[in-house]
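Breakdown of the fold
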Amino acid sequence: DPVRKPLRPSELGNILASISTVSAPLRQEDLKKGLQESQFRVAYQPKVSLQDGRVVGAEALARWTHPDRGPISPADFIALAEDGPLIADLTYFVAGTAFEDCRSWSNTGFHLSVAVNVSAKSLTDRSFSDKLAELVRDSSLQTDQITLEITETSAMSDASAMLAMLTQLRIRGFNLSMDDFGTGYSSLMQLHRLPFSEVKIDRTFIHGMDTDQEARVISRAMIGLGHNLGMRVVAEGIETKGVMQMLQEEGCDIGQGYYLGKPMWHHEFLDWLGDSAVAVPAE
Ligand code: C2E
Ligand code: MG
Ligand code: MG
Ligand code: MG
């Protein structure tokens, strides 16, 4: 048995300090430091055609591993970032990384699109579209290779500024997706009035499709609605073969979820693409 030596006061101090760091709530300063010190990375989750099983692109998802606290959930740090000015830095970091990585998939022979999540709040920043266009130029991508998934987490403060920005982005050629459709503030009115080209049905509706008749009815209606408005329809959160097959039957265009592919680091995603170029269990 290892002999338990009593802790020296300095050791005890260190332990107490690290415990209090870990249990204290996250602050803006933690986020700022994390961004400065490269604690953030980007994971990619495949988007797959449900009609022919081809990988059409990937969604970039921010990941934060804090040196003391370990991995922090996006639900926590996105909310924190949206609370202050750092959401802009985070978005530009993720977008810049994702565009460069997309370019390198392309150089490897995989011509895919890439999707980046954008908080509705960022759209009220008047320079957003210029900054994004600059990142696109730096990576020598075309804007039509890029989808911006817009998430609404709080009531819009300035709807007209948001409409103006979305219109500018659309004119520049970006594809716009309404993320988490059916939940929160992503309303029918916005789907209809704003220049979206894609609607992404929230996973709460997709999840139970194979067991819950109502979930299936609602998903079917959303797919029809999206198509009737001339949009591409994406389903997120596909976890089983049964759900994937139902979505194929309902004519949903694109699927995403653990059954099709989990979020992966860039090099893992490249390996995965190599193994499964036309990847999906589309039998
Ligand atoms: P989202 O954009 O709706 O992304 C989908 C979330 O569902 C991701 O969680 C993904 O890992 C998870 N997911 C994917 N497939 C499945 C599945 O089959 N089953 C289940 N149960 N979950 C699945 P994640 O990475 O934790 O991100 C959560 C949310 O945080 C995202 O939801 C997005 O709204 C936000 N987020 C992530 N990265 C960024 C970012 O760079 N910027 C902004 N503004 N928001 C981000
Ligand atoms: Mg998304
Ligand atoms: Mg989503
Ligand atoms: Mg979601």
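Residues numbered from 1 in each chain as written. Chains lettered and ligands numbered in written order. Predicted model: local features only at pLDDT ≥ 70, side-chain atom pairs only at ≥ 80, totals over all residues. Heavy atoms only, no water.

**Quick word on a nonpolar patch on the surface**
Put simply, the test is: Note on patches: the residues involved have over 30% relative accessible area and no salt bridge, like charges join within 9 Å, and the nonpolar side chains Val, Leu, Ile, Met, Phe, Trp and Tyr join within 5 Å. Accessible areas in this description were obtained via Shrake-Rupley with a 1.4 Å probe; residue shielding takes into account the shown protein chains only. Here a salt bridge means any side-chain nitrogen of Lys or Arg lying within 4 Å of a carboxyl oxygen belonging to Asp or Glu. A helix here means a DSSP run of H or I that spans at least four residues, while a strand means a run of E at least two residues long, and both kinds are numbered starting from the N terminus.
A cluster of nonpolar side chains, contributed by L7, L12 and I15, occupies part of the molecular surface with about 250 Å² of accessible area. Looking at the element boundaries, I15 is found in helix α1 (residues 9–23).

**A look at the packing of helix α4 (residues 86–107) against helix α11 (residues 266–275)**
What counts here: In this analysis an axis means a line fitted to C-alpha atoms, helices contributing only their contacting stretch, and an angle means the value between N-to-C directions, from 0 to 180 degrees. Working definition: roughly parallel below 35 degrees, roughly antiparallel above 145 degrees, roughly perpendicular at 65 to 115 degrees, and oblique for all remaining angles. Helix crossings get a hand from a simple test, with the near helix turned counterclockwise from the far one by less than a right angle marking a left-handed crossing and a clockwise turn marking a right-handed one. The contact rule is simple, with two residues in contact once any of their heavy atoms fall within 4.5 Å. The classification used treats Ala, Val, Leu, Ile, Met, Phe, Trp, Tyr, Cys and Pro as nonpolar, Asp, Glu, Lys and Arg as charged, and all other residues, Gly among them, as polar.
The interhelical angle for the contact between α4 and α11, taken along N-to-C directions, is 30°, at an axis separation of 11 Å. Between α4 and α11, the angle falls in the class roughly parallel. Every pair of crossing elements has a handedness; the one defined by α4 and α11 is right-handed. Taking contact as the criterion, the partners of D101, S104 and W105 in α4 are, on α11, H266, F269 and L270. In terms of residue class, the contact of α4 with α11 is built from 3 nonpolar, 2 polar and 1 charged.

**Overview of the pairing of strand β6 (residues 175–181)**
The condition is simple: Throughout this description, buried means an accessible area under 20% of the type-specific maximum (1.4 Å probe, protein chains only), exposed means over 50%, and partly exposed covers the range between. Pairs of strands are assigned from DSSP output, requiring at least two bridges between the strands.
β6 sits mainly inside the fold: 5 of its 7 residues count as buried. The pairing of strand β5 (residues 146–151) with β6 spans 4 bridges and is parallel. Residue pairing in the sheet places T147 in a bridge with N175 of β6. In terms of strand pairing, β6 meets strand β7 (residues 198–201) through 3 bridges, oriented parallel. Bridge pairing links M178 to V199 in β7.

**Observations concerning helix α6 (residues 159–172)**
Filter applied, for reference: A helix's residues, less one, multiplied by 1.5 Å, set its expected span. Taking the helix axis as origin, the arc is that swept by the directions to the C-beta atoms.
Between the first and last C-alpha of α6 there are 20 Å, a value that for 14 residues agrees with the 20 Å anticipated at 1.5 Å per step. Within the span of α6, buried status applies to M162, M165, L166 and L169. Relative to the axis of α6, the buried residues are bounded by an arc of 100° and lie together on one face. Exposed residues pointing more than 90 degrees away from the buried face of α6 are listed as S160 and I171. Where α6 is buried, its residues meet α5 (128–138), β5 and β6. G173, located one to two residues past α6, shows a positive phi value of around 110°.

**Looking at the site of ligand 1**
Note the following rule: Residues are labelled near a given molecule or strand when at least one of their non-hydrogen atoms is within 4 Å of it. Contacts described as polar in this section are N or O atom pairs within 3.5 Å, which, within protein, must combine one atom able to donate a hydrogen with one able to accept it, while residues neighboring in sequence count only if both atoms come from side chains.
Taken together, the neighbourhood of ligand 1 is formed by 20 residues, with R63, D179, R203, E239 and Y258 sitting nearest. One of the side-chain N or O atoms of D179 is found 2.9 Å from an oxygen atom in ligand 1. In this structure, E236 approaches ligand 1 through a side-chain N or O atom, which is 3.0 Å from an oxygen atom. The fraction of the free accessible surface of ligand 1 (800 Å²) that becomes covered by protein chains is 86%. Of all elements in the fold, only β2 (55–66), α3 (74–82), β4 (113–119) and β6 reach the threshold of two or more residues within the shell around ligand 1. When residues of the shell around ligand 1 are assigned to their parent elements, the largest contribution, 4 residues, is made by β2. Residues that form the shell around ligand 1 fall into these classes: 8 nonpolar, 5 polar and 7 charged.

**Focus on the coordination of the magnesium ion (ligand 4)**
The criterion, for reference: Only N, O and S atoms count as donors, using a 2.8 Å limit from the metal and a wider 3.2 Å limit for Na, K and Ca, and since water is excluded some coordination spheres may look unfilled.
Coordination of the magnesium ion (ligand 4) by the protein comes from D180 (OD) and E236 (OE), over a distance range of 2.1 to 2.4 Å. A separation of 3.0 Å is found between the magnesium ion (ligand 4) and the magnesium ion (ligand 3), which are bridged by D180. Of this pair, D180 sits in strand β6 while E236 sits in the loop between β8 (232–235) and α10 (241–249); the two residues are 56 residues apart in sequence, bridging distant segments of the chain. Here D180 falls in the partly exposed class, since its relative accessible area comes to 21%. Judged by relative accessible area, which is 10%, E236 ranks as buried.

**A short note on the environment of V118**
Note that V118 resides in strand β4. Residue classification places V118 among the buried residues on the basis of a relative accessible area of 1%. C-alpha separation for the pair V118 and S177, spaced 59 residues apart in sequence, amounts to 9.8 Å. Leaving out residues up to four positions away in the same chain, V118 has contacts with T91, L123, F128, L148, E149, I150 and T151.

**Regarding the coordination of the magnesium ion (ligand 2)**
Looking at the magnesium ion (ligand 2), the protein donor atoms are E59 (OE), N117 (OD1), E149 (OE) and D179 (OD), and they sit 2.1 to 2.2 Å from it. Ordering the donors of the magnesium ion (ligand 2) by residue number gives the pattern E-x57-N-x31-E-x29-D. Here the magnesium ion (ligand 2) and the magnesium ion (ligand 3) are spaced 3.8 Å apart, linked through D179, which binds each one. Linking E59 in strand β2 with E149 in strand β5, this pair joins segments that are 90 residues apart in sequence. You can call E59 buried: its relative accessible area is 6%.

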